Number of protein chains: 2
Amino acid sequence: VPGERMATEMAAQPEVLADLIARRVEISDAIGAVVPHDLSGVVLIARGSSDHAAVYGRYVLQLATGRPVALAAPSLHTLYRSPMFCPGFLAVAVSQSGRTPEITSVLQSYVNAGAAGIAITNDPQSPLAEAAGATVELGAGEELAVPATKTFTAQLAAFALLAETIGRIQWTGDDWDQLPEMVSRTLDDQESPARVATWLADAPGLISVGRGFMYSVALESALKLKETTSLLAQGYSAADLRHGPVAVIERDFPVLAFWVHGPAAQDMQDLVGWLASERGAKAFVAADDGDADLPLPENLVEALAPIPAAVRAQQVSYELALLRGLDPDAPQGLTKVTPTT
Amino acid sequence: VPGERMATEMAAQPEVLADLIARRVEISDAIGAVVPHDLSGVVLIARGSSDHAAVYGRYVLQLATGRPVALAAPSLHTLYRSPMFCPGFLAVAVSQSGRTPEITSVLQSYVNAGAAGIAITNDPQSPLAEAAGATVELGAGEELAVPATKTFTAQLAAFALLAETIGRIQWTGDDWDQLPEMVSRTLDDQESPARVATWLADAPGLISVGRGFMYSVALESALKLKETTSLLAQGYSAADLRHGPVAVIERDFPVLAFWVHGPAAQDMQDLVGWLASERGAKAFVAADDGDADLPLPENLVEALAPIPAAVRAQQVSYELALLRGLDPDAPQGLTKVTPTT
């Protein structure tokens, strides 16, 4: 059955999250033992959808630690053999399988340069985990569908757990406790994403947009849509979209916007209003508002809202792939482990 | 005349570069006076096409210094008021006008947190320059066309000059000396970009791709094409393209690929060969090879090749806009200074 694997893997998300959350103390102890006392900065190493989780990690870790958080450019290490000097840095590598050789080799370069290494991966026996001083085991299990779903939301949660261990955060145990149930209720509502997918059936392209914590979801939404439906989707931050790319938005061009209550909400509402009135964009909104096209859970702290928001993007991708007669499990031309040098 | 300003500004590039290069020693002295002796890392602050110059800066500065280079997430400072602690860091802010309030305020946050501040801008009297300890004056003059051209290539040169001041680099004075003339000869060849533009006349979208130093040019090419022609263009690194976005490439989908001799060349050639044979992509190549669709100067060091490569992207955008009956000087819906909060 087309999409059966993706559907099963999406449905597993509440349980995967609950399991990860149940291991909070254990994870915190393991990470705490390797983090430098006098932290200078953080480097994140990832590719593909893990790279979008890292964009979320950049926000949550910089806010928690007050230290600059960099996304590594892998080719600097694998191709250009950049000599590095990174004492006081924490290097966090993210990989679903832990078996992408490039990611392991980049983490190894940072560890060799004096950084403390952490792996976020499904497999604690993988080469990536072996190269790290501590591992956050995602526990998402194997993903058989090519588009990563349960691993992605688990990666977001892992970054939040990491932030909680090494800095100051804005959520409490209550937020964690209610998260799996909120994700479950989001998954139960399949009508809203099906309605959005119907609108997108013949769309030539799409722009997804978010700000702050939701920027990662805008990027991941575009990737999921590209992977599963071949739609020319692009993700932007609200600010970057205003700097040029807005030129491609003509009448009825679809825009998928993500926000919840918090410092980014007003700017996002202004942007979407402007795109609709001035450029004639057809805006679809995922927000913590029952009237939104894609309602998100109310009363969840902003910093954790990207988790159910990412589920919305998966649902739309899944529904649109089926509408377009494609198999969401096995997009053409993609394989699970992508070797890059 | 449509495109007159953009054409004039593109033509000014050899002179702008020659002037900047002539100020090498002066610039190096000013920067050298503020760079921390015991450098921990570097943070780059930019938006829009300046952000693509910063992607180049990330490669060239990390290779030169061996320290992690982060791209700042401005909203962390302007919206979320992230408290920071950054002694030993160098914060480099890039803005054409020096008058984007967001960029100035983010630089100020890093300086307040203990970082040394450098501004790369056209206006040494701008608020951005005032917030910095030292300024690299681009000397590109005012840009009247909305798509930035001469400022962008000057920004790339400014990052290379910064790298030369604070670390070890792979080019010599000879490379600088011949650069303006090479850019001039690239500008003289208008036939190659016109031919590529003809091919793209009815294209629904385009993917531009580069690796290492050329990744910045892939991003900037996509932005220039979007800005001037409304083409749904997207820029990727070779590695990221393989991780999912390749799904959108179907028969005759245009791909614009950039490379020159060096560690990234083989991988780029392999990728383009694979895209053409397996996905039926229509590949256009900008390379240091007389047979390329868009020839780049031969015998220029790889690290400086993005400068003439960016000129190729400008030329294609300019020609395609005219072919599509658009005015490259004034793309619809864009203004010169974009206020973001």
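About the cut-offs
- Residues numbered from 1 in each chain as written.
- Chains lettered and ligands numbered in written order.
- Predicted model: local features only at pLDDT ≥ 70, side-chain atom pairs only at ≥ 80, totals over all residues.
- Heavy atoms only, no water.
- Buried < 20%, exposed > 50% of the residue type's maximum accessible area, 1.4 Å probe, protein only.
- Helix = DSSP H or I, 4+ residues; strand = E, 2+ residues; numbered from the N terminus.
- Arc of directions from axis to C-beta.
- Contact = heavy atoms within 4.5 Å.
- Pairing = 2+ DSSP bridges.
- Axes fitted to C-alpha atoms, helices over the stretch in contact; angles between N-to-C directions.
- Buried area = accessible area lost by both parts, 1.4 Å probe.
- Salt bridge = Lys/Arg side-chain N within 4 Å of Asp/Glu carboxyl O.
- Polar contact = N/O pair within 3.5 Å; in protein donor to acceptor, adjacent residues only side chain to side chain.
- Nonpolar A, V, L, I, M, F, W, Y, C, P; charged D, E, K, R; others polar.

Trainee: What's the story with helix H10 (residues 191–200) of chain B in this structure? I'm lost.
Mentor: Structural remark: α-helix, 3.6 residues per turn; residues separated by three or four positions point the same way. Residue and element names in this part refer to chain B. Three or more residues of H10 are buried, namely Ser192, Pro193, Val196, Ala197 and Leu200. The buried residues of H10 occupy an angular sector of 135 degrees when the element is viewed end-on, so they sit on one face. Exposed side of H10, more than 90 degrees from the buried face: Glu191, Arg195 and Thr198 are the residues found there. Elements that come into contact with the buried residues of H10 comprise strand E6 (205–210), strand E8 (254–259), strand E9 (282–287), strand E10 (294–295) and helix H14 (306–323).

Trainee: Looking at this structure, how should I read the environment of Arg279 of chain A?
Mentor: Residue and element names in this part refer to chain A. Note that Arg279 resides in helix H13 (residues 265–279). Of the residues examined, Arg279 reaches a relative accessible area of 8% and is grouped as buried. C-alpha separation for the pair Arg279 and Arg251, spaced 28 residues apart in sequence, amounts to 6.2 Å.

Trainee: Got a minute to help me understand the sheet that holds E9 of chain B in this structure?
Mentor: Note: strands within a sheet are paired through backbone hydrogen bonds, in either parallel or antiparallel orientation. All names here are of chain B. Spatial ordering of the open sheet is given by E7-E6-E8-E9-E10, a layout of five strands whose pairing is parallel. This sheet does not close on itself; its edge strands, each paired only once, are strand E7 (232–237) and E10. Summarising the sheet, E8 and E9 pair through six bridges and their orientation is parallel. Bridge assignment links Ala257 to a residue of E9, and that residue is Val285. Here helix H11 (residues 215–229) sits on the sheet in contact with E6, E7 and E8, set at roughly 175 degrees to E7.

Trainee: Sorry if this is basic, but what is going on with the sheet that holds strand E2 (residues 69–71) of chain B here?
Mentor: All names here are of chain B. Ordered by their spatial adjacency, five strands build an open sheet running E2-E1-E3-E4-E5, and the pairing between neighbours is parallel. In this open sheet, the two edge strands, each paired with only one partner strand, are E2 and strand E5 (134–137). When the angles between neighbouring strand axes are averaged without regard to direction, this sheet yields 20 degrees. Where strand E4 (residues 116–121) meets E5, four bridges bridge the pair, whose relative direction is parallel. The residue of E5 that forms the bridge with Ala119 is Thr135. Across the face of the sheet, helix H8 (residues 150–166) comes into contact with strand E1 (41–45), strand E3 (89–95), E4 and E5 while running at roughly 160 degrees to E3.

Trainee: Hey, could you run me through the interface of chain A and chain B in this one?
Mentor: Many descriptions give the size of an interface as the accessible area lost when the pieces come together. Tallying the contact residues gives 70 residues for chain A and 70 residues for chain B. Interface area for chain A against chain B, summed over the two sides, is near 5,800 Å², with a carbon-plus-sulfur share of 59%. Three residues, Tyr80, Leu232 and His243 of chain A, lead the burial of chain A against chain B; their summed loss comes to 13% of the area buried on that side. Notably, a salt bridge pairs Glu102 of chain A with Arg211 of chain B, separated by 3.6 Å at the nearest N-O pair. The interface formed by chain A and chain B contains 17 residue pairs in polar contact (both at pLDDT 80 or more). For the side of chain A that touches chain B, the elements supplying multiple residues, two or more each, are helix H4 (48–65), strand E2 (69–71), helix H5 (74–78), helix H6 (101–112), helix H11 (215–229), strand E7 (232–237), helix H12 (238–242) and H13 of chain A. Considering only residue class, the side of chain A that touches chain B consists of 36 nonpolar, 20 polar and 14 charged.

Just geometry here; none of it tells us what the structure is for.
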